[in-house]
Structures are given as structure tokens and as C-alpha cells.
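Per-entry structural report
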Amino acid sequence: MSDSRTPVSAPTPVTPADETPAIGPHRRGVQFRQTHPLALAPVTPPPNTVDGFVKEFLHELNTDLGVALSRSSINDQYTALAHTVRNYLTARWLETGRKQREGYPKSVAYLSAEYLLGRQLGNNLLAANLSDIAEKALHSCGLSLATLRAQEVEPGLGNGGLGRLAACFIDSLATMNVPCIGYGIRYEYGIFRQTFVDGEQVEQPDSWLALGNPWEIAHPESAVQVNFGGSTETYDDNGVERTRWVPAWNVLGVPYNYMVPGYLNGRVNTLRLWSAQATQAFDLNIFNAGDYAQAVRAQTFAENISKVLYPEDSTPQGKELRLQQQYFFVACSLRDFIDGQGRDFDLRDLPERVIFQLNDTHPVIAVPELMRILLDERGLDWDEAWAVTSKCFAYTCHTLLPEALEVWSVELLGRLLPRHLEIIYRINDEFLDLVRETWPDDYLRLGRMSIIAEYPDRGVRMAFLATVAGIKVNGVAALHSQLLRDKVLNDFAELWPEKFTNVTNGVTPRRFMKLANPHLSDLITDAIGSGWVTDLERLQELAPLADDPDFRAAFTEAKHANKILLRDHLRVRDEIELPTDQMLDVMVKRLHEYKRQTLKLLHIVSTYEQIASGKVKAADITPRTFVFGAKAAPGYRMAKQIIHLINAVGSVVNSDPLVEGRLKIFFPANYNVTLAERLIPAADLSEQISLAGMEASGTGNMKFALNGALTIGTDDGANVEIRELVGDDNFFLFGMDEPKVADLGAKGYHPGEYYESNPQLKATLDLIASGHFSGGDPMTFEPVVSNLVHHDRFMALADFGSYVEAQHRVDALYADPDAWTRSAILNVARCGFFSSDRSMKDYIKRIWGTNPVL
Ligand code: NBG
């Protein structure tokens, strides 16, 4: 036990020579005294008027970009506009920071390797209530806000739901006035840009920074050093044996700050993304000797760390560079947070200042990193360090697929982070002591629960480490949390039942309703006032209006207007001509077998086959437009073949006169947040058809329901809660539930039996197998068909019959527009629960404690 609290805080600063009390930042030793009245006054934003906005905009254009309006490019105008909006938010940002340092309220530090932010301009205008002023100001300069908005390249620093959730959460925390800092990685290349060549996915680099990024502010002077490799050694520290890490190499982490404005509340939180830089630009000796490439090798190597986002979703990528990325951003973030607490701060009080929320296992290496800081840098003993560390983290799990849980090989971890591996071993030893005490002689359990896996190779199970260290472990929907407790982390739940909790995901109504769907938003505001934007449960007040014919008509009109907007958008973006007078049936999400895009496709091909074979008259089917949007991980072959098949079916069906006016299939490439904002408000039917027990939550499902689409879905993830809230009459449920799936799996699943016994399913698969969609070549899609008929891990064939039957119910309801619209309105009215504001309240209540608020 260390008996003194002195060694814990950082070394005392050198006293300035003249002993005068310093004003201004101490951290870099800069001392200055303000005297000018303006320098002493609070920072103020530009005037909130059209003229004030124009002046600021022109100032940015002229002085920052150095161009006259008459000579400026659209990118100049967009950049100046972004800077202008930023300038309006700056005063609030500085004020938020000042208040933070004044009181040091407990903060949330959200650690996430991904943030799928979407475009910033519209959201920031909305948060600052500047949309109208900006529109008028630009108009008076002869410019259009819509054109400049279209110029923004969205920061695709995430793969899918997990990254988008992080973005929704930081929006909600700012809006709810909760001190939060988001930490992550500033990837130079985000999620790849998807294009199709002959229907096949081709990836292109996402050079989102090519035209500059007006939303970030770099602070190279505050770069943080991050070490890697080397070895550890012990030494004698006044009779105490201590360990230190002797690293072999290091890089710098340069912080880039982004504003995270709350909605109309004056708070602006920070998102801090780290960019890797070499500690030394190049080796001068080698350079002088003429080997230029070799001279910059170290630099290239270091900068690779934040070069590109791993495009994997729901399955981890066990690559060394990925572990480097994880440690890199976590080490920078912990250092940054701790340094920000001031010099005299005693790290033993850290749990009063922060909760580090671990967004999946990607940042879990933060646990041994904090231990290392406390033990090796601050001289705490093990028990003290663990007492602090085990109060600072909480872990959110986002998956159920066993193969998706990260395991790092001991060999790799030891090579890259030798001290961390030692610490992990010790954490595991102490933890296994506890397991032994609790269940003496239960060796199987010890093996099952050990943080270190022995098979197939020695590896560190990051989810277990997070569970052992976290104050809480949560799943992301009720069913998911229950399955975590009962299955994936069952031993841990027996040991610490109180550690496990649920927080159902949510989405931000600012971006996904107010910004994305102004038609519906205005209609809602006219009906119930504007309070719903920050208090989404108030949507309930819409429920009685489901029976009001005038409201229904207005609702239908808003949906139709959104279809027209989408049609216009896709016409330019993808040269697609979207029908606006029929059902729009949408499935957008990452391409993954468990999500079952193939099941959707089987339904489409089945409908087509029935017409093509004369079993059904084209005139008798409900006209539908199917839209897919999905990226496949570049190395995921089956997913890419499924994309190819969807496109192939689309090109045959779309050009077949037999189904003209009745069926269309579109697959706009490069589904992203920007496209989601256009598609979701226009959709009638939302496809949420994963195999029960596989989708942790889903958040697209919430966005669709809140925008007035009806869901056809399985009892999976948050679908379960959506259905419970909207009612069975307003949700098209189909398929096996999770216990049935488990039973069937245990009994032995034979997809061939479904193929043989369901003639419609057989005809459908046979049509694909015949080569009908591949120019007569039966081999092109043979792997997809044979995988379904012989393996079908996600039981698409087993659910096919029930799915088709549910689609008939969809058609029947759609045939009654009043009944359909009534249901759609009730979906909106009853889904207020799915606001990410509510998720944040649940985190505060169930995980973070009464603090942190205000
Ligand atoms: C995803 C799940 C989704 C869930 C999001 C956000 C990963 C690892 N998980 O179901 O697949 O909605 O996380 O929680 O990306």
C-alpha cells in the first residue's frame, strides 16, 4: 500500500521568474496578461441577422480563403459558409469549455473507434437555429444553400450501426447538456466508396479530406506521444520493486477538434479525433545519402496508423495495424483526459471526474493502459490502481455472433504492448482467484471464463477483459441484453448479476426527423407544437390524429412529397427513375448473411417467377419498387456475390416488359448517411428481416418507424420493442423467434428439406440456378444458391414461407390506403421511446450514476 498521496499528481510546475500570478494557459509554460478591454470581454458570436451573416461569410471568403465572391468556386463558398457557421458556434464552445474547467463536473468520455457522423453543415445550422438566416444571407449573395450543402463530403469514419450510434449519442448528450467528450480516430480514408462495375462491387478510396475539412481544428502543438513495442524491466524505487516499459518506437497523436452542438441550447461539446504522425519526419542521414524513399519510411509507417478505417462490420479484423489503431487512440485519449484535469489532480479521484464508455471491444486496451499509468507513472500499488480502474469503465457489447468478439493473439499483444500484456495477465490471475473462490474445483468454468483463451491459439478475449473491468456491461436492445446474460457472457452474469443491464439503442430526432424529413416534421409541429424534437415521447399526442381524415391526407401528402424529392435526387445521383406512385419497399444496411438480404431477394424473384411462369397475372400484384442499399466488406466474398445477384436480378426484372409498371428493383451504390436521410423519409415498408437472435438491435428499424414506414420484421433486436410499442396490428411479424431458431439448430437444420417441400421456393431458387439472371450461365450464382440449399447458416429457407405470407398481409393493408396511413401514423406516434435522448437517460440512470449532468 502506498501511504502518501503526493506521488500521484504530476510534477509541480516551474515557478515563473517574476513570481506574478499568471493568466492564460499554464500547460505550455506560456504566460501573459490581458489588458485590452476586448481581450477581457467574453467571446461573442457574430450578430444573429442576415446582414451579420453576410458580413461574416464574405469575411471568411475574402480573408481566410483569399478570393472575391465573384471569383469563388463552390468549394470556396462551401468552406466559407462552414467557417461562418463555426464562428457562430465558437463562443458557445469556448464557454462550454470554460464552465467545464470551472467546476470539473463528472464527464462522459465516449471511446469509439468509429463515428459515422454524416454531413455537418445542415445539422450545425439546425443546432444553432441559423438555417433561415443562412438561406436568406446566401440568397442575397446570389447563392443557394442547397447547392452548398451538396458540396459537403460526409465523414464516413464508421462502418454502420455502431459508428452511427456513437454519432447519435454525442448529439443527444450535447442536447441534454451533459458534459461529454467523444474520442476517436481521424481516419484519412473513411469507409470505402462503393461503385458497381457490371453489377459487382468495386471499392474506391474515400478521400474525404481532399478538398479540405472546414469543421475540424487541428492542434499539432498539443500532440501526444504514443509508445509501442520493446520490453519491460523492473527496478528498485526506494525499496519498492517497480516495472517500467522500455518501448522501441513511438508516434505522435495530433488532436483534431470538432464541435458537437446541442440543439438550440447553447452547449457545444467536443469530439476529439486523433491523427498519427511520425515523431521524426525523416532520417536526415539517409536522406542526404540519397535514399529518399528509405528516409521517409518511418514517417509513412507511423502515419499508416490513422490512414484508413477497417471496413469490417460485425466481424473483427485481427490485423496488427488494427491493434495499433486501437491502442493509439486510446492512449492519446486517456493522456488527454488526465492532462485536462489540471496539475494538482489526484488520479485516485478519477472515478469522480469521468466514466469511459467503451463502444464495443475496440477501445478495451484502455483498461490496462490506465492501470499502467497508475502503477508505473503515478506509483500507485496494484490494489489502489485497480480500485480506480474498475470504477472508470463501462462496456457496451454490440454483437451476438461469437466470431465477432475480438480476441488478440498473445504473441501480437506481447510484441506490440508488452507491459499491457503483463498487466492483463495479472488482472486475469486475480480474477481467476475470485472464480476459484466462488466455484472451487470447477476447472471447466475457469477455462471458460479466463481472459486468456488457450485454444485454438493463446489469445486475449477483449470482451471478457471489458466485463471484468467494467462497472456495467450492457447490450443494446432488451432481447440482445437477455441473450448476452443467458448465452454469450452467461458465466459472468452468474458471478455478477448486477453488472449486467440493458440500454436499448436510439436515434437522434434532430438529424433523422427534423433535418431529414422537414415535410413530416412541419406537419407534426403544426399538430402538437415543437417540443417533440427534444422530448420525443410527445409524439404520442399524434395518436388520436390517426383517425382524422385531414391529418391522414396531410401525412400521405408528406410521404409523397418525400418520394418526389428522392426521385429527383436519385435521378441525378444514380440515373434512376423512381416511380413515386407505388409502394416503396426498402432494405438498407450492411450486407451480411445474418441480415438476410437474400431472403428479400427470394421474395422478389418468387413474385417475378410467378408472373413469368404465368401462375399469377402481373395486373394482380401490388406494384412495388424495391430499393437496396448495402456495402459488403471487401474481403467478404459471399456478401459481394449477393450484391452481384441483386444487381443482376434488377437488370433483368427492370427491363422485362412483362412486369413493367409492377416491379422495379434499384440498388443505388454507396449507401451512406446522406443517402439514408433521403431514402428513409420516402419509404413505405421497412425490411428488418435478420434471423432472430442475430441482430443486436438495429437502428435503421427505428429511423424508418419514426418516419412513418411500417416494418416487416422478425422478432429480433429492437424489432421486438418496436412491435410491442406499435402493436401487432401495425407491424408485419414473421419467422421463427429466437427459441425456435435455437431448437431448430439443435435438432439439425436441413435447408434442402424446405427447398424440396415448398414448390414456390424451389421454382425461385431453380430460376436463379438456371442462369436466367446471368446471361444463361448457371455457374455465376451457383455459390449463392448452393450455399442456401446446403448450408444456409441463417435459415433463410426456413423463414421463407412465413415471410411470403407476411408480404401478402402487407399487400392487403396497402390496398386500403386509410388503414395503411393510420398504421403509419401510429408507428410515428408510438416510437418516441427510440430517441437517443432516452438512451442517454438510461445510460445515466443505469450505468453512469446520477452524475454526470449539467
Ligand atoms: C451493430 C449491430 C447492430 C446495432 C449496432 C449499434 C456492430 C458490431 N454491431 O444491430 O449489428 O444496432 O451495432 O448498437 O457493428
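In case you missed it, the structure is sitting above this.
The shown structure was predicted, so the numbers you read here are calculated from the model rather than taken from an experiment. (Residues numbered from 1 in each chain as written. Predicted model: local features only at pLDDT ≥ 70, side-chain atom pairs only at ≥ 80, totals over all residues. Heavy atoms only, no water.)

1. What about the state of the cysteines?
Summed over all chains, the structure comprises 0 disulfides. Looking at the unpaired C180, the closest cysteine sulfur is the one in C168, lying at 13 Å. (Disulfide = S-S within 2.5 Å.)

2. Focus: the nonpolar core
By size, the foremost hydrophobic cluster in this structure holds 147 residues, and its most contacted members are F328, L350 and F356. Those residues in contact with F328 that lie beyond four places of it in its chain are V226, F228, V251, L252, G253, W274, S275, A276 and I305. Among the nonpolar cores identified, the runner-up in size contains 106 residues, and F512, Y755, L813 and W820 belong to it. (Core = buried A, V, L, I, M, F, W, Y, C linked by side-chain atoms within 4.5 Å. Buried < 20%, exposed > 50% of the residue type's maximum accessible area, 1.4 Å probe, protein only. Contact = heavy atoms within 4.5 Å.)

3. Quick look at the environment of T195
By the element assignment, T195 lies in strand β5 (residues 193-197). The sequence separation of T195 and F464 amounts to 269 residues, and the corresponding C-alpha distance is 38 Å. Not counting residues within four places of it along the chain, the set of residues in contact with T195 comprises E200, Q201, V202, Q204 and A669. (Helix = DSSP H or I, 4+ residues; strand = E, 2+ residues; numbered from the N terminus.)

4. Observations concerning the site of the ligand
Around the ligand, a shell composed of 14 residues is seen, among which H398, N505, E695, S697 and G698 lie nearest. The contact in question runs from an oxygen atom of the ligand to an N or O atom on the backbone of A696, over 3.4 Å. In the environment of the ligand, an oxygen atom lies 3.0 Å from a nitrogen or oxygen atom belonging to the backbone of S697. Within the complex, the protein chains bury 92% of what would otherwise be the 370 Å² of accessible surface of the ligand. In terms of residue class, the shell around the ligand is built from 5 nonpolar, 7 polar and 2 charged. (Near = heavy atom within 4 Å. Polar contact = N/O pair within 3.5 Å; in protein donor to acceptor, adjacent residues only side chain to side chain. Areas by Shrake-Rupley, 256 points an atom, 1.4 Å probe, with all protein chains shown as cover. Nonpolar A, V, L, I, M, F, W, Y, C, P; charged D, E, K, R; others polar.)

5. A look at the pairing of strand β14 (residues 393-396)
Alternating positions in β14 separate into two faces, F393 and Y395 on one and A394 and T396 on the other, with burial throughout. Across 4 bridges, the pairing between strand β13 (residues 354-359) and β14 is parallel. Looking across to β14, one finds that N359 is bridged to T396. Two strands pair when backbone bridges link them, and β14 and strand β18 (residues 473-475) are joined in this way by 2 bridges, in the parallel orientation. Paired with T396 across the two strands is N474, which belongs to β18. (Pairing = 2+ DSSP bridges.)

6. Points about helix α3 (residues 74-103)
With 30 residues, α3 should reach 44 Å at 1.5 Å per residue; the first-to-last C-alpha distance of 43 Å fits that figure. At L89, α3 shows its maximal bend, which comes to roughly 40 degrees. Y104 sits one or two positions beyond α3 and adopts a positive phi of about 45 degrees. (Expected span 1.5 Å × (residues − 1). Bend = angle between axes of the 7 residues up to and from the residue.)

7. Looking at the sheet that holds strand β16 (residues 452-453)
An order of β15-β17-β16 is seen for the 3 strands of this open sheet, with the pairing classed as antiparallel. Only two strands of the sheet have a single neighbouring strand rather than two, namely β15 (407-409) and β16. Sheet topology note: the β16/strand β17 (residues 459-461) ladder contains 2 bridges and is antiparallel. Paired with I452 across the strands is V460, a residue of β17.

8. A short note on the sheet that holds strand β24 (residues 710-713)
What the 6 strands build is an open sheet, ordered β22-β21-β20-β23-β24-β25; its pairing is parallel. Each edge of the open sheet carries a strand with a single partner, namely β22 (663-666) and β25 (732-733). Where strand β20 (residues 583-588) meets strand β21 (residues 624-629), 6 bridges bridge the pair, whose relative direction is parallel. Across the sheet, V588 pairs through a bridge with G629, a residue of β21.

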